[in-house]
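# Chains, contacts and geometry: an overview
The residues making up each chain are set out below.
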Amino acid sequence: MKGTYKISRLDILTLCAVCVFIALKMNISLRHPEAMPSPLALQVVIQEQPVGGREPLLCAGEPGRGVFLYLVYKGNSTACIGYDSWGSGGPTSAPFTFSQGQPMRLDLELPSLDAAVAKDRPRTARLKVQVNGSVLLNEEVKYHVTPLDEVYYGINPLGGSSCSSLFSGSIFTEHSSLHGKARPAAGRLERLNWWCVNYSSPILTVLASFIIIAFLIRLLGALKDKFQNLPILVPACTRKAHAAFAVALMLCVWAFSHFITYGSYSFFKEENFGTFYDYQAQSLLQGRLDVPEAALGGEAFVFQGRIYGYFGPTPALLRIPFVLAKTGVGMLSRSFMLGYFVAVLVFTYQILRLCYRRLRGAGTEPPSWAVVCITLSTGLGSTLFFLSSRGYIYHEAILCGSAFAFAGAYFALRFLGGRSRPDYLISLICGILSVQARPPTGLFALGLLACCSVWPLCDSLLQQATLRLSSLRSSLVLISRSWRQLLAAFFCVTGVLTFNLLGYLKFRDFGGCPLKYHVQYTPERLANIEGKAFHLANIPFCFNTYVTVQNFSVTRDFPFYYIGGGYSPSYYFKPRIDVAEPTVAFPWAMPSLFMLASLGSVYVLLRAPRLLPYSAVLWVALLPMSLAMFCAAAVSQRYTADFCTFLVCASCVSLAALSGCLERLRRTVIVIVFALTLLSILITYAITIQNQGAGVWGVPDEVPAHYKHLKKQMNELFSPLFIKPR
């Protein structure tokens, strides 16, 4: 019968093979260095070498952060074993004797291969080396945590000066000979796993992709005729909107992935100052809030002899399953940030759809141009993308808080339209999680939910005032009957105060972040800000920094758009500013979102009364967060991401309202919105690549070098455009 499809055994075997390959690939990518056995038992055969020679036994890591275990030849049959951690050095054992050409047993307990990053200890651990059962080294050493694919036997690809590049002898185990990149010294499954990823990964990945695509095409083609007479499950407008979002989402994810991994697309790799949440997750499992010294370094708060961080615990809570499974510990910052970024874009799309349905009724979908513009403006043209310049704790905290704030905003607006109790509870939970990741974003999310809770009460009071029927008595009666709405708003305020409660549990201080315990704050620095992080005197300076000041320059030098040197607080009357990093204000950093949120809200007020409640609650919820940000003693470009939740939500409301304007005006609006979106993308790309290549600290050495090379190439490419003809 035409249109039928019978799944054969070959199809089942093909899918099983692809699933096994993907599982193996994911497994090796997520495996922690604990996949190496400990102690590691090796058989080593040494050949004759000149006195003083140094040869590698095992090297692990990468240039700048690696470890070396090597042989130092003292005579024809005498040698020592040395250990070197890049930048820190290490011990050398007492001499031992060996027989040339005869195997000797080497047992290693090397901390780089046997260290869980989140364990409650600093970056020193016990190194133990035994030769033929005799202990030669047994002491605390410094180390760098190393993934399995950066371990090498008998070669030195790191380029360190501790030893030569090649071992003249041989290294083997009971399973096989070892030379070059490590593989697990275990059974057949592990060796197959290792081979799939390290040797066959590119070919098999492409092959698996083609097999899946071919299988789906065959299946859909066979089932097409069978289902062609059924009712259409997904309307055409919905399919177009989903397709537009999918294309824009893939473009945003690719660009974010490229920047966050420095072009390597390696999502499971340790970041410099990116392991705090792993330490925090381990501490939470032990019932503690403090962390070891290695978790924070210069950002530590020391109180009663214990070390705490001011970063909230939400990202650490999400890491607990990985810590329990000992999977990917210490190497999750990049992948988590990508997950938060995708969540932001998904909820952006849902908020846009919600606004269109509010305006035009259920079943309607936003046009493709609006979906593409808001997705690209959020994903590529806002400070949320700027956070991809570095995968460390500062940026992860903001992106995590933003993800939960977007989710909380979506369910809060749904609650405003439908008054559904589950929507309220989900929004409240997301708001609290956002507060515990990044307080400003959580403050906005919970403030929005509070406004949505009391909106019916406020609307009733306004209607009474408009009809001149209100009196003090009737208003009090109305308020007394709205106790459920007031109670819901009270829960939102309580959610904000969880930040202060957590601060009290850490520091016995409801302030949440007492700077007097911070290791970097000297008495002089504290005196400059009077020991407090917030001051009303900072409002003029911070407001202008974030909203008005044109702190940028357009030059002939790639990337052509440069952030200025910082807006000096000395122009204002006694502001208490501690840190003033170079910052570009919203109109010049995110022109598309800023214009839609500001001018579009005016259009909503005048022409789209059905969307007025959405716009009103967003602007009111912005006030407490803005007050906190404008009073803060620090300004930074990354802090502008805290405002993105409001800017994106208000832009969605504006796009929904603008879609209802006259046909001639709508075409003009589309052109303007697309132009502003493109301008935002170019500006964001410029400041992101500038920050990654020449601004932020802790990136690999090759990243600034690549930025300089790219800068030189682009300047040579565009130089003819800047030369005036004679």
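Basis of the calculations
Residues numbered from 1 in each chain as written. Predicted model: local features only at pLDDT ≥ 70, side-chain atom pairs only at ≥ 80, totals over all residues. Heavy atoms only, no water. Helix = DSSP H or I, 4+ residues; strand = E, 2+ residues; numbered from the N terminus. Buried < 20%, exposed > 50% of the residue type's maximum accessible area, 1.4 Å probe, protein only. Contact = heavy atoms within 4.5 Å. Areas by Shrake-Rupley, 256 points an atom, 1.4 Å probe, with all protein chains shown as cover. Patch = residues over 30% accessible without salt bridge, like charges linked within 9 Å, V, L, I, M, F, W, Y side chains within 5 Å. Salt bridge = Lys/Arg side-chain N within 4 Å of Asp/Glu carboxyl O. Pairing = 2+ DSSP bridges. Expected span 1.5 Å × (residues − 1). Arc of directions from axis to C-beta. Core = buried A, V, L, I, M, F, W, Y, C linked by side-chain atoms within 4.5 Å. Phe/Tyr/Trp six-rings, centres within 6.5 Å; stacked < 30°, edge-to-face > 60°. Bend = angle between axes of the 7 residues up to and from the residue. Axes fitted to C-alpha atoms, helices over the stretch in contact; angles between N-to-C directions. Parallel < 35°, antiparallel > 145°, perpendicular 65-115°, else oblique. Nonpolar A, V, L, I, M, F, W, Y, C, P; charged D, E, K, R; others polar. Lys, Arg positive; Asp, Glu negative; His and termini not counted. Polar contact = N/O pair within 3.5 Å; in protein donor to acceptor, adjacent residues only side chain to side chain. Left-handed = near helix turned anticlockwise from the far one by under 90°.

A count of helices and strands for the protein chain gives 22 helices and 18 strands. Here the protein chain, with 726 residues, has 50% of them falling under the buried criterion. Looking at the protein chain alone, contacts between residues at least 24 apart form 72% of all its contacts between residues at least 6 apart. Summed over all atoms, the accessible surface of the protein chain reaches about 33900 Å², with 63% contributed by carbon and sulfur.

A grouping of Trp483, Leu487, Phe490 and Phe491 is seen on the molecular surface, where their side chains present a nonpolar patch of about 420 Å² in accessible area. Within the secondary structure, Phe491 is located in helix H14 (residues 483-507).

What follows is about the sheet that holds strand E5 (residues 96-97). What the six strands build is an open sheet, ordered E5-E4-E3-E2-E9-E12; its pairing is antiparallel. In this open sheet, the two edge strands, each paired with only one partner strand, are E5 and strand E12 (180-181). Pairing of strand E3 (residues 65-75) with strand E4 (residues 78-85) involves eight bridges; the strand directions are antiparallel. By the bridge assignment, Tyr70 is partnered in E4 with Gly82.

With that settled, the discussion passes to the pattern of salt bridges. Applying the stated criterion across every chain, the model contains 15 salt bridges. For Arg319, the salt bridge is made with Asp278, and the minimal N-O distance between the two is 3.4 Å. Here Arg319 is found in helix H6 (residues 314-325), whereas its partner Asp278 is found in helix H5 (residues 276-285), with 41 residues between them in sequence. Pair check on accessibility: Arg319 and Asp278 agree, each one buried. Among the charged side chains, a salt-bridge network with shared partners connects Glu271, Arg334 and Arg390.

Pairing analysis gives six bridges linking strand E1 (residues 40-45) to strand E6 (residues 103-109), with the strands arranged antiparallel. By the bridge assignment for E6, Ala41 is matched with Asp107. Pairing of E1 with strand E10 (residues 170-172) involves three bridges; the strand directions are antiparallel. What sits directly across from Val45, in E10, is Ser170.

Now for helix H22 (residues 702-718). Here H22 spans 24 Å end to end across 17 residues, near enough to the 24 Å set by a 1.5 Å rise per residue. Taken together, the buried positions of H22 are Val703, Tyr707, Leu710 and Met714. The arc that holds the buried residues of H22, viewed along the axis, is 70°, so those residues lie on one side. For H22, the exposed residues set more than 90 degrees away from the buried face come down to Glu702, Lys708, Lys712 and Glu716.

Soluble globular proteins tend to bury their nonpolar side chains together. Counting residues in each nonpolar core, the largest one holds 122 residues, and the members touching the most others are Ile351, Leu448, Tyr546, Leu611 and Phe643. In contact with Leu611, not counting residues within four places along its chain, are Cys355, Arg358, Leu359, Val604, Val653, Ala656 and Ala657. Formed by 33 residues, the second largest nonpolar core is a distinct cluster that contains Val44, Leu71, Tyr83 and Phe96.

The next point concerns the side chain of Gln130. Here Gln130 is to be found in strand E7 (residues 124-131). Residues in contact with Gln130, not counting those within four places in the same chain, are Arg105, Leu106, Asp107 and Val135.

Once that is clear, we can look at the sheet that holds strand E11 (residues 177-178). Taking strand neighbours across the sheet as the criterion, the six strands line up as E8-E7-E6-E1-E10-E11 in an open arrangement whose pairing is antiparallel. Edge positions in the sheet fall to strand E8 (134-142) and E11, since each has one partner strand and no second.

Glancing now at the packing of aromatic side chains. Considering all chains together, one arrives at 41 aromatic pairs under this definition. Measuring from centroid to centroid gives 5.4 Å for Phe259 and Phe385, while their planes differ by 75°, and the two rings are edge-to-face. One end of the pair, Phe259, is in helix H4 (residues 236-260); the other, Phe385, is in helix H9 (residues 383-386), with 126 residues separating them in the sequence. You'll find Phe259 and Phe385 in the same group, each marked buried. Here Tyr504 and Phe510 contribute two aromatic rings whose centre-to-centre distance is 4.5 Å and whose plane-to-plane angle is 10°, an arrangement assigned as stacked.

Here we come to helix H18 (residues 591-607). The first and last C-alpha atoms of H18 sit 23 Å apart over 17 residues, in line with the 24 Å expected at 1.5 Å per residue. By the largest-angle criterion, Gly600 marks the main kink of H18, which is about 30°. Inspection of H18 places Pro591, Ser592, Leu593, Phe594, Leu596, Ala597, Gly600, Ser601 and Val604 among the buried residues, and these make up the whole buried set.

At a closest axis distance of 9 Å, the pairing of H6 and helix H10 (residues 393-418) adopts a crossing angle of 90°. It follows from the interaxial angle that H6 and H10 lie roughly perpendicular. Here Thr314, Pro315, Leu318 and Arg319 of H6 lie close against H10, whose contacting residues are Glu396, Cys400 and Phe404. In the contact of H6 with H10, the residues fall into four nonpolar, one polar and two charged.

Let us now look at the side chain of Glu55. Along the chain, the position of Glu55 falls in strand E2 (residues 54-62). There is no salt bridge for the buried Glu55, and the closest opposite charge comes from Arg54, which lies 12 Å off by N-O distance. One polar contact links Glu55 to Ser168, side chain to side chain, over a distance of 3.1 Å. Leave out the neighbours within four places in its chain, and Glu55 touches Gln49, Tyr70, Leu71, Tyr73, Cys163, Ser164, Leu166, Phe167 and Ser168.

Mapped onto the fold, Leu536 is located in the loop between helix H15 (523-528) and helix H16 (539-547). Residues Leu536 and Arg576 lie 40 residues apart in sequence; the distance between their C-alpha atoms is 8.9 Å.

Let us now look at the packing of H10 against helix H20 (residues 644-658). Axis separation between H10 and H20 bottoms out at 10 Å; the angle between their running directions is 35°. When the axes of H10 and H20 are compared, the crossing they make is right-handed. Judged by residue contacts, Ser402, Ala405, Phe406 and Ala409 of H10 engage Cys644, Thr645, Val648 and Cys649 from H20. In terms of residue class, the contact of H10 with H20 is built from six nonpolar, two polar and no charged.

The next point concerns the pairing of E8. Bridge count between E7 and E8: eight bridges; the pairing is antiparallel. Within E8, the position partnered with Val129 by the bridge is Leu137. Two successive antiparallel strands, E7 and E8, enclose a turn made up of two residues, where Asn132 displays a positive phi of approximately 55°.

Looking at where Leu108 falls in the secondary structure, it is placed in strand E6. For Leu108, a relative accessible area of 4% puts it in the buried group. Remark: the alpha-carbon pair of Leu108 and Leu40, spanning 68 residues in sequence, is separated by 5.0 Å. Setting aside anything within four residues of it in sequence, one finds Leu108 in contact with Pro39, Leu40, Leu42, Leu58, Leu69, Lys128 and Val129.

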